[in-house]
Amino acid sequence: MAPNSAQRTPARRAGFIVLSIVSLLVLGIFLASSVTGPVERHEFDFERTARKKSSSSANARAEVKGDKYLIGVGKGDITGPTVEINFAGYADLSQVGTGLRQRIFSRAFIVGDVANPNDRFVYLVLDMATGDTALRYGILEGIAALGSEYAVYGQGNVAVTGTHSHSGPGAWWNYLLPQITSFGFDKQAYQAAVDGAVLSVKRAHESLTEGYLDFGAVDITDGSISRSLYAYMNNPAAERARYTDSVDTEMTVLKFQRASDSKNIGILTWFPVHGTSVYQNNTHVTGDNKGVAELMFEKAMEGEDSAADGFVAGFSQANVGDTTPNVLGAWCDDGSGQMCSFENSTCADGKSQACHGRGPEFTKLDLGVSSCYEIGRRQYDGARSVYDTLDSTGTAVVGSTVKSFHFYHDMTFWNFQLDDGSQVQTCPSALGYSFAAGTTDGPGAFDFTQADSGEPSASPVWEVVKALLREPSPAQKACQAPKPVLLDVGELSQPYAWSPNIVDIQMFRVGQFVIIVSPSEATTMAGRRWRSAVGAAVEDMTDAAPKVVIGGPANSYCHYVTTPEEYAIQRYEGASTLFGQYELPAYINLTVSNVKYLAPDSTSAPPPGPSPPDNRNKSLSFITGVVQDNAPIGKKFGDVTVQPAATYARGAVVNTTFVGANPRNNLRLEGTFAAVEQLGADGTTWTQVRDDTDWYLVYTWTRTNEILGYSEVTISWETANDADPGTYRVKYYGDSKALLGGAITAFTGTSNSFKIT
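Our next topic: the overall build of the chain. Across its full length, the chain carries 16 helices and 40 strands. With the C-alpha coordinates aligned to their principal axes, the bounding extent of the chain is approximately 80 × 65 × 55 Å. Buried residues in the chain amount to 62% of all 757 residues. Counting every atom, the chain has about 26000 Å² of accessible surface; 52% of that belongs to carbon and sulfur. Side-chain charges of the chain comprise 59 positive and 81 negative groups, with the mean position of each set lying 3 Å from the other.

The full count for this structure, using the stated rule, is 3 disulfides. In this model, cysteine 427 is linked to cysteine 479 through a disulfide, with the two sulfur atoms separated by 2.1 Å. What sets the handedness of the cysteine 427 and cysteine 479 disulfide is the S-S torsion sign, and at about -90° it is left-handed. With cysteine 427 in the loop between strand S21 (423-425) and strand S22 (431-432) and cysteine 479 in helix H12 (residues 474-480), the pair connects residues that are 52 residues apart, well separated along the chain.

Right, let's get into the packing of helix H8 (residues 288-301) against helix H9 (residues 369-387). It is at 7 Å that the axes of H8 and H9 come closest, and there the two elements cross at 45°. Judged by the inter-axis angle, H8 sits oblique to H9. For the pair H8 and H9, the crossing hand works out as right-handed. Each of Asp288, Asn289, Lys290, Val292, Ala293, Met296, Phe297, Ala300 and Met301 in H8 lies in contact with H9, whose residues at this interface are Cys372, Tyr373, Ile375, Gly376, Arg377, Gln379, Tyr380, Ala383, Arg384 and Tyr387. Here the residues of the contact of H8 with H9 are counted per class, giving 12 nonpolar, 3 polar and 4 charged.

We now examine the packing of helix H13 (residues 524-538) against helix H16 (residues 583-592). Between H13 and H16, whose axes approach to 10 Å, the crossing angle comes to 20°. One finds that H13 runs roughly parallel with respect to H16. As H13 packs across H16, the resulting crossing turns out to be right-handed. Along the contact surface, H13 presents Ala526, Arg529, Trp530, Ala533, Val534 and Ala537, while H16 presents Leu584, Tyr587, Ile588, Thr591 and Val592. In terms of residue class, the contact of H13 with H16 is built from 9 nonpolar, 1 polar and 1 charged.

So, about the side chain of arginine 729. Relative to the helices and strands, arginine 729 resides in strand S38 (residues 726-737). Engagement of the side chain of arginine 729 in a polar contact is seen with the side chain of glutamate 677, the distance being 2.7 Å. Ignoring any residue separated from it by four or fewer positions in sequence, one finds arginine 729 in contact with Ala675, Val676, Glu677, Trp686, Thr750, Ser751, Asn752, Ser753 and Phe754.

With 111 residues, the main nonpolar core has Leu124, Trp172, Tyr587, Ile715 and Trp717 as its most contacted residues. Tallying contributions element by element places helix H5 (residues 187-206) first for this core, with 8 residues.

This part covers H16. By the criterion of burial, H16 is predominantly enclosed, with 8 of the 10 residues buried. Contacts from the buried residues of H16 go to strand S19 (402-410), strand S20 (415-417), strand S26 (502-510), H13, strand S30 (560-561) and helix H14 (564-569).

Our focus in this paragraph is the packing of aromatic side chains. Scanning all chains against the criterion turns up 33 aromatic pairs. Ring centres 5.4 Å apart and planes at 45° place the aromatic pair phenylalanine 109 and phenylalanine 256 in the tilted group. With a gap of 147 residues between them, phenylalanine 109 in strand S5 (residues 105-113) and phenylalanine 256 in strand S11 (residues 250-258) connect regions that are remote in the sequence. Like phenylalanine 109, the residue phenylalanine 256 is buried in the burial classification.

Our focus in this paragraph is a nonpolar patch on the surface. Taken together, the side chains of Leu229, Met233 and Phe342 define a hydrophobic patch exposed on the protein surface, amounting to about 250 Å² of accessible area. Locating phenylalanine 342 in the fold gives a position in the loop between strand S16 (330-332) and strand S17 (355-357).

Structurally, aspartate 682 is set in the loop between strand S34 (674-679) and strand S35 (686-690). For aspartate 682, the side chain forms a polar contact with the main-chain nitrogen of threonine 684, separated by 3.0 Å.

Within the secondary structure layout, arginine 136 lies in helix H3 (residues 133-144). Given a relative accessible area of 2%, arginine 136 falls into the buried group. Among the polar contacts made by the side chain of arginine 136, one reaches the side chain of asparagine 555 at a distance of 3.1 Å. Discounting residues that sit within four places of it in the chain, arginine 136 has contacts with Gly154, Gln155, Val158, Val160, His406, Tyr408, Asp504, Gln506 and Asn555.

On to the sheet that holds strand S29 (residues 547-551), then. Overall, mixed pairing links the 4 strands, which are arranged S19-S26-S27-S29 in an open sheet. Edge positions in the open sheet fall to S19 and S29, since each of these has one partner strand only. If you compare each strand with its neighbour and ignore which way they point, the axes differ by 15° on average. Bridge count between S26 and strand S27 (residues 513-517): 5 bridges; the pairing is antiparallel. Counted as the bridge partner of valine 510 is phenylalanine 513 from S27. Of the strands in this sheet, S19 and S26 touch H16, which is tilted by about 50° from S26.

What follows covers the pairing of strand S3 (residues 83-88). Along S3, 5 of the 6 residues are buried, which leaves the element largely enclosed by surrounding structure. Looking at chain direction, S3 and strand S4 (residues 96-100) are connected through 2 bridges and run antiparallel. Counterpart to asparagine 86 in the pairing with S4 is valine 96. Pairing geometry for S3 and strand S8 (residues 168-169), over 2 bridges, is antiparallel. Across the sheet, alanine 88 pairs through a bridge with glycine 168, a residue of S8.

Turning next to the pairing of S34. With 5 bridges connecting them, S34 and S38 associate as antiparallel partners. Note on S38: the bridge partner recorded for glutamine 678 is tyrosine 728. In terms of strand pairing, S34 meets S35 through 4 bridges, oriented antiparallel. Each bridged residue has a counterpart across the sheet, and for glutamine 678 the counterpart in S35 is threonine 687. Two successive antiparallel strands, S34 and S35, enclose a turn made up of 6 residues, where glycine 683 displays a positive phi of approximately 80°.

Looking along the chain, the bond that leaves alanine 481 and enters proline 482 is cis, with omega of 10°. With respect to the element layout, proline 482 can be found in the loop between H12 and strand S25 (485-487). Phi is positive for phenylalanine 183, close to 60°, though the residue is something other than glycine. Its location among the elements puts phenylalanine 183 in the loop between helix H4 (176-179) and H5. Even without being a glycine, phenylalanine 413 presents a positive backbone phi close to 45°. Relative to the elements of secondary structure, phenylalanine 413 occurs in the loop between S19 and S20. For phenylalanine 413, a relative accessible area of 28% gives the class partly exposed.

Moving on, we come to the pattern of salt bridges. Pairing between side chains of opposite charge can happen when the charged atoms of each approach one another. Within the structure shown, the criterion is met by 40 salt bridges. Its salt-bridge partner being arginine 227, residue aspartate 441 comes within 2.8 Å of it at the nearest N-O pair. With aspartate 441 in the loop between strand S23 (438-439) and strand S24 (442-443) and arginine 227 in the loop between strand S10 (225-226) and helix H6 (229-232), this residue pair connects regions lying 214 residues apart in the sequence. One exposure class covers both aspartate 441 and arginine 227, and it is buried. Taking the shortest distance from any N to any O, the salt bridge between lysine 636 and aspartate 639 comes out at 3.0 Å. Of the residues examined, lysine 636 reaches a relative accessible area of 56% and is grouped as exposed.

Cut-offs used in this document
- Residues numbered from 1 in each chain as written.
- Predicted model: local features only at pLDDT ≥ 70, side-chain atom pairs only at ≥ 80, totals over all residues.
- Heavy atoms only, no water.
- Helix = DSSP H or I, 4+ residues; strand = E, 2+ residues; numbered from the N terminus.
- Buried < 20%, exposed > 50% of the residue type's maximum accessible area, 1.4 Å probe, protein only.
- Areas by Shrake-Rupley, 256 points an atom, 1.4 Å probe, with all protein chains shown as cover.
- Lys, Arg positive; Asp, Glu negative; His and termini not counted.
- Charge placed at Lys NZ, Arg CZ, Asp CG, Glu CD.
- Disulfide = S-S within 2.5 Å.
- Axes fitted to C-alpha atoms, helices over the stretch in contact; angles between N-to-C directions.
- Parallel < 35°, antiparallel > 145°, perpendicular 65-115°, else oblique.
- Left-handed = near helix turned anticlockwise from the far one by under 90°.
- Contact = heavy atoms within 4.5 Å.
- Nonpolar A, V, L, I, M, F, W, Y, C, P; charged D, E, K, R; others polar.
- Polar contact = N/O pair within 3.5 Å; in protein donor to acceptor, adjacent residues only side chain to side chain.
- Core = buried A, V, L, I, M, F, W, Y, C linked by side-chain atoms within 4.5 Å.
- Phe/Tyr/Trp six-rings, centres within 6.5 Å; stacked < 30°, edge-to-face > 60°.
- Patch = residues over 30% accessible without salt bridge, like charges linked within 9 Å, V, L, I, M, F, W, Y side chains within 5 Å.
- Salt bridge = Lys/Arg side-chain N within 4 Å of Asp/Glu carboxyl O.
- Pairing = 2+ DSSP bridges.

The structure is reproduced here in structure tokens:
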């Protein structure tokens, strides 16, 4: 396995947030504020895990083509700084990047009405934790800057979703709370994400052509389990009885097919599973399990007769909130051999710190790397099974209508009526005590547990921090009940907003295919209720039975949305449902009451609503830049300090170490830091066969002397997967920064050749 600077230790998610808050307080950030069991590896049983669903024969592509649409796909590299930047997702202060396992991308999918080309939408899938307000502002500005031809894209028809990977660069957040563990905002990380997303839209726009859309579904029964089954079981028994599983096992696959030559240009899938296969002590950038599936599918399409060049595969999230890829369940890492408690995910000591979920390859003890690849492969196999049979069994998208709407809505003490006529309200955003407990994917600290009532306080440290920030008002306490408020983030605005109160309400429609774009991570049952309500609302306006999917978290990260029954249990997901127990009914109300804008004859849009704050130019940052790079005396950049051996048996790890420089000097977007080249049969020609998109080629950067600016890079090739016998060499592409003048200079390192036998 490749080098990694971290070993598996008890997660301290909430603790790091506390320490960061205290540190920032000391630094004076807030002085201006006046607010008060092991298993053996087994072969993949496809018949058991991925059961393809039949589609309505009335709409099968084999019998009749659907309507034509404008379709386009594109992809752009968004791999931000891979070192010295905190990762987004786990909120772990110690999870700072040391390198790269696999590049991350933005994938854009455009659908438009052939007869009314202004009616179109863009669905973006970023290999990141989530969509975000800052990112969306930047992406919309970047698209507008492309010229008048791109004026058809804007607030109303662009969705920015994240795959919810927890192992990518952070520091691009709009709001203060998630910025704390990254020590603020990093313009380089932000710009890499924005530029790559805009590039993906540009490429999708340039590829626009007439084509067809088909969809199908498959059950992937070993792709996820519930990590909050105790809360799920509080939903009505009659409702639970309508479903065979406590998580949604269905993957929906939407295929994009060019009309001119019947070549497929891409697929877009929805399947709910958290991007937490790779543990929070991993410090190499990856797209987690969905990133694996995407690149696996795209590489499989190279040379396929059915696929066009530049095929794009997007694996979007769905109602992901209470799912986990750690399918062996949550176990106590305390030597007891016991599973964690059902009610609150604790161990024998009554604490959550030793409770961790285990992925399918847990016994590899490799920070979740093998489990991540396996969960990604299971998604790939499911999607591929649908793709290979869509022409004969898929459902054609029919009805020429392409519509979208978007508006902002302030959830602060918003009053609305439930179906039974009762008046309820949503609240300013707040996080409960169980938020600090974390999850079985990443437990918290300070003795907090899930399903925490808040009384007595689990930790006096939190009470001090809470008092320094803001004590929730009586109105906020009543509104958020039964959640005990720990952090009243929605009412904190100094030095700028801590958390969103204004949410994005957005929906897309093409024919009978409807997409709910959710700003929050919907739990399994929350997603089911939401989809059902929207499906009933649009049924009379579609030519065929509506197919409704949920995509997110998108546009502005608003944490979670549970059912009111799950909220009452106050496990992590309920404690992280920002706007109170009626958040889900509010989302349903706001979407269903506006489906009229998706009607075929609709020519209007809802009022835009109040814009969320744009904190990009006011965000604090304590992230230092690169000062200088130097090579040790007698060495130059790119020199090999540890050469590979002359010969390796397939399965070995080939390590090569170079005199390096900080990769933040040049992100090498659309390029690579590491490569493996193979010698051709002529004995002279070298061909690149591995790059940064290869899961088994790992780049690790280490600072060896802070003062003198020395560093080294180790490139590790894990050959067990699919290395062919032959002669190879390793290449390193880097860029150094001079102390005087700051000039950036590119260089290349090349290893000796070696053989794989």
